[in-house]
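Coordinate inspection notes
Residues per chain are reported as follows:
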Amino acid sequence: MTDLTVRIAGKNFKNPVWAASGTFGCGEELERFVDLRNIGAIVTKTVTLGEREGNPPPRVIETASGLLNSVGLENKGAEWFVKNKYPFLKQCGTNVVVSFAAFTPGEWVKCAEILTDGDFPDAFEINLSCPNVSYGAARGLVAQDKRAVEKVLRAVKAVTRVPLIAKLTPNVTDIGEIAVRAESSGADAVAVANTFQGVAVDAETMKPYFKRVVAGLSGPAIKPLALKAVMDAYRQVKVPVVGIGGIMTGIDAAEFMLCGAAAVEVGTATLRDPCSCSRVLEELQEYLKTKGVKKARELTGRAAKQKGLPRAISKNRKRNVI
Ligand SMILES: Cc1cc2nc3c(=O)[nH]c(=O)nc-3n(C[C@H](O)[C@H](O)[C@H](O)COP(=O)(O)O)c2cc1C
């Protein structure tokens, strides 16, 4: 029997295949397709302090091997979530990671306080990286600014015992540098990464397809980019890296682990086939068996540690100056 267990942010997870935020509801919606007890964890749709309507339609468009979305964190707010979703999540049979985002330092703290219920959930995924909302006047993403990352994580850490997984954006020059700051500011793990910013244009109307113009690209199109981001982060931090981006198969999951991920999240694949998480897990198990790997966690970082590999851009910064 292969040992699939992984330990992340001080918690034990039965396996490394998790459902990604925003593509799995809070699990209840997918219960008739997936035996929730089999997956490693459910990462819930991002919750905010107050209710949000989200962005106006259209919200998604297919691209070559990918999906652009502009959902904009539609949800009913943290209080509602605790009252209406925690009872289900507490008995769903697997680990629960609650994702939340906020827009001011005070809101981050309030959200953490409302969503902390003793030792529940198993972890918070701090969404520092949604490309479809505006944070303050700069309209940038929190995870594009080291100081903002530090401020948010320190503030949240001060008010909750629940472990923190910082979800980063790949839309930066050096994700390793941001991961290092997240680690030193209290993140118990980093999730790499959210969607890549992209644009769709309607040639017929000659206008941008989305009202907010810029949207988030996910799916197989981003996999090689996400693998690099995972490798860059893994080489610079000691805390575990959770890999995300275009995982459609168990082999994809294995590739992320080989690049340094301790666990992976499956996102867009679930929108195509609601059973994707279970299938990815089965295929990963098959791969481990074929390769004679007895413990899934032994895959982590194997391809990132090999001798003779060029160093990540962030370690090489001086030589990359043009
Ligand atoms: C429709 C949609 C909604 C998403 N909503 C969220 C969200 O609420 N919070 C979040 O952190 N990430 C959200 N994401 C990003 C995914 O969790 C994931 O990071 C990204 O899609 C890359 O993984 P994938 O290629 O497997 O989808 C969303 C993605 C999609 C496609």
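This text follows the structure it describes.
Residues numbered from 1 in each chain as written. Predicted model: local features only at pLDDT ≥ 70, side-chain atom pairs only at ≥ 80, totals over all residues. Heavy atoms only, no water.

**Brief notes about the overall build of the protein**
Put simply, the rule reads: Put simply, DSSP H or I for four residues or longer makes a helix, DSSP E for two residues or longer makes a strand, and each gets a number counted from the N terminus. Atoms counted for the radius of gyration: C-alpha only. Globule rule: 2.2 Å times the number of residues to the power 0.38. Exposure classes here rest on a 1.4 Å probe applied to the protein chains alone. A residue is buried below 20% of its type maximum, exposed above 50%, and partly exposed in between. Any two residues having at least one pair of non-hydrogen atoms within 4.5 Å are treated as being in contact. A positive count includes Lys and Arg, and a negative count includes Asp and Glu. His and the chain ends are not counted in either. For this purpose, a charge sits on NZ of Lys, CZ of Arg, CG of Asp or CD of Glu.
On a plain count of helices and strands, the protein comes out with nine helices and 16 strands. Computed over the C-alpha atoms, the radius of gyration of the protein is 19 Å, within 12% of the 20 Å expected from 2.2 N^0.38 for a compact globule of 322 residues. Taking all 322 residues of the protein together, 53% fall into the buried category. Considering only residue pairs separated by 6 or more positions, the protein has 72% of its internal contacts joining residues 24 or more positions apart. Where the 44 positive side-chain charges of the protein centre and where its 33 negative ones centre are 7 Å apart.

**Observations concerning the nonpolar core**
We apply this condition: Nine residue types can take part in a nonpolar core, namely buried Ala, Val, Leu, Ile, Met, Phe, Trp, Tyr and Cys, and a core is a set of them joined through side-chain atoms within 4.5 Å.
Among the nonpolar cores identified, the biggest contains 83 residues, and Phe100, Trp108, Ile126, Leu128, Leu168 and Val192 are the most heavily contacted of them. Of the residues forming this core, the biggest block, seven residues, is contributed by helix 5 (residues 223-234). Non-local contacts of Leu168, meaning those with residues more than four positions away in its chain, are made with Leu128, Ser129, Ala143, Ile175, Ile178, Ala179, Val190, Ala191, Val192, Ala193 and Asn194. Ala20, Ala41, Ile165 and Ala262 belong to the second-largest nonpolar core, a separate cluster that totals 17 residues.

**Focus: unusual backbone geometry**
In this model, Pro57 is joined to Pro58 through a cis peptide bond whose omega is 0°. Structurally, Pro58 is set in the loop between strand 4 (41-43) and strand 5 (60-63). That bond from Val192 to Ala193 is cis: its omega, 10°, falls within 30 degrees of zero. Inspection of the secondary structure assignment puts Ala193 in the loop between strand 10 (189-192) and strand 11 (196-199). The phi dihedral of Leu73 falls on the positive side, at around 55°, and the residue is not glycine. As for its position among the elements, Leu73 is in the loop between strand 6 (66-69) and helix 1 (78-90). Residue class for Leu73 comes out buried when judged on its relative accessible area of 3%. Here the phi dihedral of Val213 falls at roughly 70°; this positive angle occurs in a residue that is not glycine. Positionally, Val213 belongs in the loop between strand 13 (207-208) and strand 14 (214-218).

**A closer look at the site of the ligand**
What counts, and what does not: Nearness is judged by heavy atoms alone; a residue qualifies as near a molecule or strand once a single heavy atom is within 4 Å of it. Here the term cavity refers to a set of points on a 1 Å grid, laid over the protein atoms alone, in which a 1.4 Å probe fits but cannot get out; the term pocket refers to an open set having protein on both sides within 12 Å along at least five of seven lines, with lining residues being those that place an atom within 4 Å of a point. Those molecules having more than half of their atoms within 2 Å of a cavity or pocket grid point set are described as sitting in that cavity or pocket.
Surveying the vicinity of the ligand reveals 22 residues, the closest of which are Ser21, Thr46, Gly219, Gly246 and Thr268. The pocket occupied by the ligand, as judged from atoms lying within 2 Å of grid points, is the largest pocket.

**What to know about the side chain of Thr169**
Using the following cut-off: Polar contacts, as counted here, are pairs of nitrogen or oxygen atoms within 3.5 Å of one another; within protein the pair requires one atom able to donate a hydrogen and one able to accept it, and residues that are adjacent in sequence qualify only if both atoms are side-chain atoms.
Here Thr169 is to be found in the loop between strand 9 (164-168) and helix 4 (175-184). Within the structure, the side chain of Thr169 is placed 2.9 Å from the side chain of Asn171, a separation counted as a polar contact. Non-local contacts of Thr169, meaning those with residues more than four positions away in its chain, are made with Ser129, Leu141, Ala143, Gln144, Ile175, Ala193 and Thr195.

**Focus: the pairing of strand 5**
What counts here: A pair of strands is treated as paired once DSSP finds two or more bridges between them.
Bridge count for strand 5 against strand 6 is four bridges, and the pairing is antiparallel. The residue of strand 6 that forms the bridge with Ile61 is Leu68. Joining the antiparallel neighbours strand 5 and strand 6 is a turn of two residues, in which Ser65 adopts a positive phi near 55°.

**Describing the packing of aromatic side chains**
Convention followed: For Phe, Tyr and Trp, rings pair up if their centres lie within 6.5 Å, where Trp contributes its six-membered ring, and each pair is then called stacked (planes under 30 degrees apart), edge-to-face (over 60) or tilted (otherwise). Remark: a charge is flagged as sitting over a ring if the NZ atom of Lys or the CZ atom of Arg is within 6 Å of the ring centre and within 35 degrees of the ring normal.
Tallied over the entire structure, the rule returns six aromatic pairs. Taken together, a centroid distance of 4.8 Å and an interplanar angle of 80° make the contact between Tyr86 and Phe120 edge-to-face. With Tyr86 in helix 1 and Phe120 in the loop between helix 2 (105-115) and strand 8 (123-127), this residue pair connects regions lying 34 residues apart in the sequence. Taken as a pair, Tyr86 and Phe120 share a single burial class, namely buried. Relative to Trp108, the ring of Phe100 has its centre 5.8 Å away and its plane inclined at 50°; by these criteria the two rings are tilted. Judged by relative accessible area, which is 0%, Phe100 ranks as buried. Ring pairs connect the aromatic residues Phe81, Tyr86 and Phe120, which therefore count as one cluster. Directly above the ring of Trp80 sits Lys76, whose terminal nitrogen or CZ lies 5.8 Å from the centroid. Just above the ring of Phe120 sits the side chain of Lys90; from NZ or CZ to the centre is 5.6 Å.

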